[in-house]
Amino acid sequence: MALKMVKGSIDRMFDKNLQDLVRGIRNHKEDEAKYISQCIDEIKQELKQDNIAVKANAVCKLTYLQMLGYDISWAAFNIIEVMSASKFTFKRIGYLAASQSFHEGTDVIMLTTNQIRKDLSSPSQYDTGVALTGLSCFVTPDLARDLANDIMTLMSHTKPYIRKKAVLIMYKVFLKYPESLRPAFPRLKEKLEDPDPGVQSAAVNVICELARRNPKNYLSLAPLFFKLMTSSTNNWVLIKIIKLFGALTPLEPRLGKKLIEPLTNLIHSTSAMSLLYECVNTVIAVLISLSSGMPNHSASIQLCVQKLRILIEDSDQNLKYLGLLAMSKILKTHPKSVQSHKDLILQCLDDKDESIRLRALDLLYGMVSKKNLMEIVKKLMTHVDKAEGTTYRDELLTKIIDICSQSNYQYITNFEWYISILVELTRLEGTRHGHLIAAQMLDVAIRVKAIRKFAVSQMSALLDSAHLLASSTQRNGICEVLYAAAWICGEFSEHLQEPHHTLEAMLRPRVTTLPGHIQAVYVQNVVKLYASILQQKEQAGEAEGAQAVTQLMVDRLPQFVQSADLEVQERASCILQLVKHIQKLQAKDVPVAEEVSALFAGELNPVAPKAQKKVPVPEGLDLDAWINEPLSDSESEDERPRAVFHEEEQRRPKHRPSEADEEELARRREARKQEQANNPFYIKSSPSPQKRYQDTPGVEHIPVVQIDLSVPLKVPGLPMSDQYVKLEEERRHRQKLEKDKRRKKRKEKEKKGKRRHSSLPTESDEDIAPAQQVDIVTEEMPENALPSDEDDKDPNDPYRALDIDLDKPLADSEKLPIQKHRNTETSKSPEKDVPMVEKKSKKPKKKEKKHKEKERDKEKRKEKEKKAEDLDFWLSTTPPPAPAPAPVPSTGELSVNTVTTPKDECEDAKTEAQGEEDDAEGQDQDKKSPKPKKKKHRKEKEERTKGKKKSKKQPPGSEEAAGEPVQNGAPEEEQLPPESSYSLLAENSYVKMTCDIRGSLQEDSQVTVAIVLENRSSSILKGMELSVLDSLNARMARPQGSSVHDGVPVPFQLPPGVSNEAQYVFTIQSIVMAQKLKGTLSFIAKNDEGATHEKLDFRLHFSCSSYLITTPCYSDAFAKLLESGDLSMSSVKVDGIRMSFQNLLAKICFHHHFSVVERVDSCASMYSRSIQGHHVCLLVKKGENSVSVDGKCSDSTLLSNLLEEMKATLAKC
Amino acid sequence: MIQAILVFNNHGKPRLVRFYQRFPEEIQQQIVRETFHLVLKRDDNICNFLEGGSLIGGSDYKLIYRHYATLYFVFCVDSSESELGILDLIQVFVETLDKCFENVCELDLIFHMDKVHYILQEVVMGGMVLETNMNEIVAQIEAQNRLEKSEDQVLG
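Remember, predicted model here, so these are calculated numbers, not experimental data.

**Notes on the sheet that holds strand β7 (residues 1059–1068) of chain A**
Residue and element names in this part refer to chain A. The strand order across the open sheet formed by five strands is β1-β2-β3-β7-β5, and the pairing between neighbours is antiparallel. Looking at strand neighbours, the two that pair on one side only are β1 (983–987) and β5 (1034–1036), the edges of this open sheet. On average, adjacent strands in this sheet sit at an angle of 30° to one another, irrespective of strand direction. Sheet topology note: the strand β2 (residues 991–999)/strand β3 (residues 1006–1015) ladder contains nine bridges and is antiparallel. Its bridge partner lying in β3, Cys-995 is registered against Ile-1011.

Structure below.
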């Protein structure tokens, strides 16, 4: 053995090491490949030896060869051998090779699991470190699952070096094994406050990566990050956090408001450009998210733009680049502030740096106006000519098209000019964007009717010179424009000057060299052309001419019939037969033109690309329902041998709506329209973008001005768009003169005191009238299309799996798999069982008291968590820099004063029945709300509450509702005093309970009751248990195995003065009525003197409003809902209301979970949905001193109960 | 996330190739070549950010590079990284190399590719920035080198 070792090391001395290999390769420059293959042979020999040092050396060399592009996957097994070496030196080589060459497809990778686990728990931190580093590069779903628990343990390692690596690698684990995210998240969060800055930075890094993909799940961490932001001095961490905030603000505008100040401070104070830049970026994100809400942030915008200008003017090209990049973000929402820097940006267009030019191009998009479009495009066109390299030229091309076509060609005043630009662009060689130009040509020709004649003449010229374009064989090359040209010439052939000439051009033999799909269009449009020529000739009585054309067709079409492309072949064959038939008829002197052109009668209108998708599924049509009951399994099995085709047919009917449905549908649609017209309840929305599709302007009544064709149209080969610029200037000048005249006249008129037009003509660019009267035909949309703007997310996105709600408590099934290993050494590390504790503590389990230590541990954690818990509260507190205080107690206070509503009003409904019982119930009903007619013995209490309410509830500046309509979403809540949805449940000298009931959309018929327990005594409260008496209709979800009579433990203890929240799920069967559940909280209060067992009774009140979930609704969908006719109606009226309409709506939104669909003056429509899917629509109208609420709902009982509740709320306004 | 870290010389010879996303070796070489051609065209006095490497990523990705004497250091990163931050990081990486190799030059990288990798591993791990503090990085590397040496003596 010893001899072997010696021999091994002697061998090693003669082996090549890495340096020798490199030297060797450098010395064999001519026959490098040969030399390397020799070396690989040597390496193979070395790998066969037993000596690990030799093997490691070989693997090291392989790693080098891998860099040179050699595949080393064949050595995977040897790499694993080296990884398992006991010496760090070799291990490191092995892991490096593995990290460079292993991937999910490496089959031996599963052999590494145990080795890696062993290394992870190695006593040497560098063994562990090297394993973590390696694993981070080749982790697979299997490895992630098997090792997640081990890595999680390492997150609490004593060495920060290991901790930071373990934290960082967790991101990779999450990606590969998303189930691990929830169990690991609490600890990850903990690491945000790790004493070691490196670990902290790693945790920030991981959470930022996570949050970037699914920001909404991480909103609750905002307070924590905010704290870090104001306390950290590590620029790297700051940048990450600020970037993260940039991702979060769009979701929570209030967060943005809170951020502006500290960010602005940072912008002023920091000297690090990187930090400054990210701050500016995030401020921009904030401003974007606020832009809808409040426009008074012009100072911040100004600051940003100012700083960016400094960056752009800097001599450092990097800063210039980034400045432009950030500018483009501002551009989207605040174009005005960017436009003032147009000079600077145009200047950047001439920069020598391509990256900077590209960025400047992006900005141009927002700089154009009717006035300067031509000028800017002209400048770009000269750039196109000068540009070297296709990438930049293609970019220019797309930008020109983008700029011109933006917002429905808004800035184009002269479409002739635009067509000429497009035609000029076709002269670019080697562009990849032929199809883009083609699409533009088609779009313009179809949608701008006035331009068709001009377009056709240009297109026929293109077709004529097709040979110039056809040469490029590239896919999507410029020949694509011929597709458009052929179609335009065919479809609008009536505008052709020399149709015969064009026909011949389209039938040239050269055409067969074009791509198949273009040929197909040629063939089809040749017939259209043919039809129109035929008609002309027949009308002119030139029978011979007509026959000649037919002959031409018969002669030339066969070349397409022979095409290899099926589409072309088929079309050509059909058409050839048709033409031959016509020829026969013509021989008999039968007039055919009428019939032939009838083939292409009617106009093709543009259809919106999403139109098909937006056709709503008609009600009553269930696409998944069986039309014919499927045959039972046994039967079909019997039949299978006999009926081969039968089976397929069985499957098909599922997708095919029956014919009858179609008719039914049409009928219903008619009926609906009728009803819509007659229904006073149907709110006609102000023209929203969705609506526009429907009222396509009638074409007839728009005067189409003849184009002045004095301009020579065809100057082939010469750029011609330039002349338009001049012409356009002249035209504008003329226009201006005319306008000036008109204005003078008008002024005289106005002196007489009549206001004619609110807007006087000025020289603003918006005033430039287009050269042609342009009627842009809007794209057609199906009737009743539902607005749905959500972009379909890519279902293959790997990050989607990580879209996990992190605030839900952990369930049993979510434990990380813990390997029970035969080797005891694997479980050496003491922290091993900590994750277990954690998981247990998350669930309410009965055995809690077993380990006091665990309890304490948990307590600490809970407290920490709590800080971040109530985001809403954190966001609503005003002084920003204050670290988030424990939120719950104050929430409780608020609820006493303000939010007792849902509870109260149902009390109302039920008091009659309950009568005296209420009094017996005692304390917890303390703050009963006032009722119009009250029993005397309650009066004092009422007055007290009333007084409180008045003082608290009066809105600060209760201004009258603003006139402008508000759409979609709750009206601004800023003017209202802070409200909380938590209401008091019960209290005594020990504990105060407040609760909030929320419906959950995921689970039908379930509501979550969040109970906040506040310890008011000086004792520790523990062993808390909640027992609730289920009713038939409402049932508490209990942990498995516990019976109805068992109490459910509260998963925490409360030290004096502390409060915490516990959540319980209830299943409700019928939600149409409000209900109450009786319950008891039992607990042990322990202080220095001893422990006592205490109890507190409470009543959980599920109001109907608590079953509603705020659901936004668009006005169209709302209208559709109303007109569907299956909602029942009911209404209430409340007098004596002094509150402003705005606040009133806010109240309804807040307390009853409604959202405003639309608001016009003092009338608003509102919508909400119950957890069981009932739609509730409201029409709220405010009169002088009263408010009337009309409601429609799919369930009448639910509606009437809701309205009663609402009445009670409103009565207090 | 950092998608790839490439170091090559003025002639496009790779000196360090570190991908954090799997690409077959051929594609890796293609990417190196493409990146080299993109970078080579650029003067030294224009910006260090580049968009439009067609092989990696797509529009979310950027190439951020620095040119030192004979070597290009190129990081391919997505939008979650701060551009200027990565530029600083490249500087940190190069300064660390300088410290560990004592006046680093291209030859050090050529003959000690493995060591360069080990140093990089202390800066970036699995595509995420691990440490930006140079002293900390150097300390860890030296500790590992000492460990290696002590093992060598046992062997010797």
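So that's the structure; there's more coming.
**Side note on the interface of chain B and chain A**
At the interface, 59 residues of chain B touch 62 residues of chain A. In total, chain B and chain A occlude about 5,800 Å² of area from one another, counting both sides; carbon and sulfur atoms represent 56% of this. On the chain B side of the contact with chain A, Phe111(B), Met125(B) and Met128(B) bury the most area, a combined 12% of that side's loss. Counting the contacts that link chain B with chain A gives nine salt bridges. Taken together, the elements giving at least two residues each to the side of chain B that touches chain A come down to β2 (14–19), α1 (25–40), β3 (49–50), α2 (83–101), α3 (106–111), α4 (113–123), β7 (128–129) and α5 (134–155) of chain B. Looking at the side of chain B that touches chain A element by element, the count peaks at nine residues for α5(B). In the side of chain B that touches chain A, the residues fall into 24 nonpolar, 16 polar and 19 charged.

**Considerations on helix α6 (residues 88–101) of chain A**
For α6(A), with 14 residues, the first-to-last C-alpha span of 20 Å sits near the 20 Å given by 1.5 Å per residue. Within α6(A), 14 of the 14 residues are buried, which leaves it mostly tucked inside the rest of the structure.

**Some thoughts on the side chain of Arg1159(A)**
Considering the arrangement of structural elements, one finds Arg1159(A) in strand β12 (residues 1155–1160). A residue is classified by how much of its surface remains accessible, and Arg1159(A), at 1% relative accessible area, is buried.

**Some words on the pairing of strand β14 (residues 1175–1182) of chain A**
Residues and elements named next belong to chain A. By the criterion of burial, β14 is predominantly enclosed, with six of the eight residues buried. Here strand β13 (residues 1163–1170) runs beside β14; their pairing, made up of seven bridges, is antiparallel. Bridge pairing links Tyr-1167 to Cys-1177 in β14. In sequence, β13 turns back onto β14 through a hairpin of four residues, with Gly-1173 there showing a positive phi of about 90°. Bridge count between β14 and strand β15 (residues 1186–1193): seven bridges; the pairing is antiparallel.

**Section: the packing of aromatic side chains**
Residues and elements named next belong to chain A. In total, this model carries 17 aromatic pairs over all chains according to the counting rule given. Within the aromatic cluster, the residues linked to one another by ring pairs are Tyr-409, Phe-415, Trp-417 and Tyr-418. Between Lys-44 and the ring centre of Trp-74, over which it is positioned, the NZ or CZ distance is 4.8 Å. The positively charged end of Lys-258 is found above the aromatic ring belonging to Phe-226, 5.9 Å away from the centroid.

**Concerning the packing of helix α18 (residues 317–333) of chain A against α2(B)**
Orientation of α18(A) relative to α2(B), taken along the N-to-C sense of each, is 155°, at an axis distance of 11 Å. Taken as axis vectors, α18(A) and α2(B) run roughly antiparallel relative to one another. Judged by residue contacts, Asn318(A), Leu319(A), Leu322(A) and Leu325(A) of α18(A) engage Glu83(B), Leu84(B) and Leu87(B) from α2(B).

**Some details on the pattern of salt bridges**
Residue and element names in this part refer to chain A. For the structure shown, the criterion picks out 41 salt bridges over all chains. The residue Lys-243 makes a salt bridge to Glu-278 at a minimum N-O spacing of 3.8 Å. In this pair, Lys-243 is assigned in helix α14 (residues 235–248) and Glu-278 in helix α16 (residues 273–290), connecting sequence segments 35 residues apart. For Lys-243, a relative accessible area of 23% puts it in the partly exposed group. For Glu-278, a relative accessible area of 1% translates into the label buried. Ionic pairing is found between Asp-443 and Arg-447, a salt bridge with its closest N-O pair at 3.3 Å.

**Quick look at the packing of helix α4 (residues 52–67) of chain A against helix α5 (residues 76–83) of chain A**
Each pair of packed helices can be summarised by the angle the axes make with each other and by the distance between the axes. Residue and element names in this part refer to chain A. Closest axis-to-axis distance for the α4/α5 pair is 9 Å, and the angle between their directions is 125°. What the angle tells us is that α4 and α5 run oblique. In terms of crossing hand, the pair formed by α4 and α5 is left-handed. Packed against α4, whose contacting residues are Ile-52, Lys-55, Ala-56 and Val-59, the element α5 presents Asn-78, Ile-79, Glu-81 and Val-82 at the interface. Residue composition of the contact of α4 with α5, grouped by class: five nonpolar, one polar and two charged.

**Brief notes about the pairing of β12(A)**
Counting buried positions along β12(A) gives five out of six residues, so the element sits mostly inside the fold. Hairpin connection from β12(A) to β13(A): two residues lie between these consecutive antiparallel strands, with Asp1161(A) at a positive phi of about 50°.

**A closer look at the state of the cysteines**
The full count for this structure, using the stated rule, is zero disulfides over all chains. Cysteine Cys279(A) remains unbridged, with the sulfur of Cys304(A) as its closest cysteine sulfur at 9.6 Å.

**Here we look at the sheet that holds strand β5 (residues 71–77) of chain B**
All names here are of chain B. Read across the open sheet, the five strands follow the order β2-β1-β5-β4-β3; overall the sheet is antiparallel. The open sheet has two edge strands, β2 and β3, and neither has a second partner. Of the pairings in the sheet, the one linking strand β1 (residues 2–9) to β5 comprises seven bridges and is antiparallel in character. Within β5, the position partnered with Ala-4 by the bridge is Cys-76. Strands in contact with α1 are β1, β2, β3, β4 (62–68) and β5; relative to β1, the strand with the most contacts, it is inclined by about 70°.

**Points about the environment of Lys528(A)**
Residue and element names in this part refer to chain A. Among the secondary structure elements, Lys-528 is positioned in helix α30 (residues 516–540). Taking the C-alpha atoms as reference, Lys-528 lies 6.6 Å from Glu-491; in sequence the two are 37 residues apart. In this view, Lys-528 contacts Trp-487, Gly-490, Glu-491, Ser-493 and Phe-600; residues no more than four positions away in its chain are not counted. Reaching out from Lys-528, the side chain makes a polar contact with the side chain of Asn-525 at a distance of 2.9 Å.

**Let's talk about the confidence of the model for chain A**
Any residue range with low pLDDT should be treated as having predicted coordinates unsuitable for detailed reading. All names here are of chain A. Of all residues in chain A, 70% have pLDDT values of 70 or greater, and the mean over the chain is 74. At the level of individual helices and strands, chain A shows its lowest average pLDDT in helix α44 (residues 888–897), which scores 38, and its highest in helix α10 (residues 160–176), which scores 94. Considering only residues more than four positions removed or in separate chains, one finds that residues 682–719, a stretch of pLDDT under 50, has 52 contacts. Here residues 821–850 scores under 50 on pLDDT; set against residues more than four positions off or in separate chains, the count is 56 contacts.

**Brief notes about a nonpolar patch on the surface**
Residue and element names in this part refer to chain A. Nonpolar side chains collect at one region of the surface, where Phe-77, Met-110 and Leu-111 lie side by side and expose about 340 Å² of accessible area between them. Here Leu-111 lies in the loop between α6 and α7 (112–120). Using a relative accessible area of 46% as the deciding quantity, one classes Leu-111 as partly exposed.

**Describing the side chain of Gln140(B)**
Topologically, Gln140(B) is positioned in helix α5. For Gln140(B), the contacting residues outside a window of four places in its chain are Tyr126(A), Tyr161(A) and Glu122(B).

Cut-offs applied
- Residues numbered from 1 in each chain as written.
- Chains lettered and ligands numbered in written order.
- Predicted model: local features only at pLDDT ≥ 70, side-chain atom pairs only at ≥ 80, totals over all residues.
- Heavy atoms only, no water.
- Pairing = 2+ DSSP bridges.
- Helix = DSSP H or I, 4+ residues; strand = E, 2+ residues; numbered from the N terminus.
- Axes fitted to C-alpha atoms, helices over the stretch in contact; angles between N-to-C directions.
- Contact = heavy atoms within 4.5 Å.
- Buried area = accessible area lost by both parts, 1.4 Å probe.
- Salt bridge = Lys/Arg side-chain N within 4 Å of Asp/Glu carboxyl O.
- Nonpolar A, V, L, I, M, F, W, Y, C, P; charged D, E, K, R; others polar.
- Expected span 1.5 Å × (residues − 1).
- Buried < 20%, exposed > 50% of the residue type's maximum accessible area, 1.4 Å probe, protein only.
- Phe/Tyr/Trp six-rings, centres within 6.5 Å; stacked < 30°, edge-to-face > 60°.
- Lys NZ or Arg CZ within 6 Å of the ring centre and 35° of its normal.
- Parallel < 35°, antiparallel > 145°, perpendicular 65-115°, else oblique.
- Left-handed = near helix turned anticlockwise from the far one by under 90°.
- Disulfide = S-S within 2.5 Å.
- Polar contact = N/O pair within 3.5 Å; in protein donor to acceptor, adjacent residues only side chain to side chain.
- pLDDT = per-residue confidence, 0-100.
- Patch = residues over 30% accessible without salt bridge, like charges linked within 9 Å, V, L, I, M, F, W, Y side chains within 5 Å.
- Areas by Shrake-Rupley, 256 points an atom, 1.4 Å probe, with all protein chains shown as cover.

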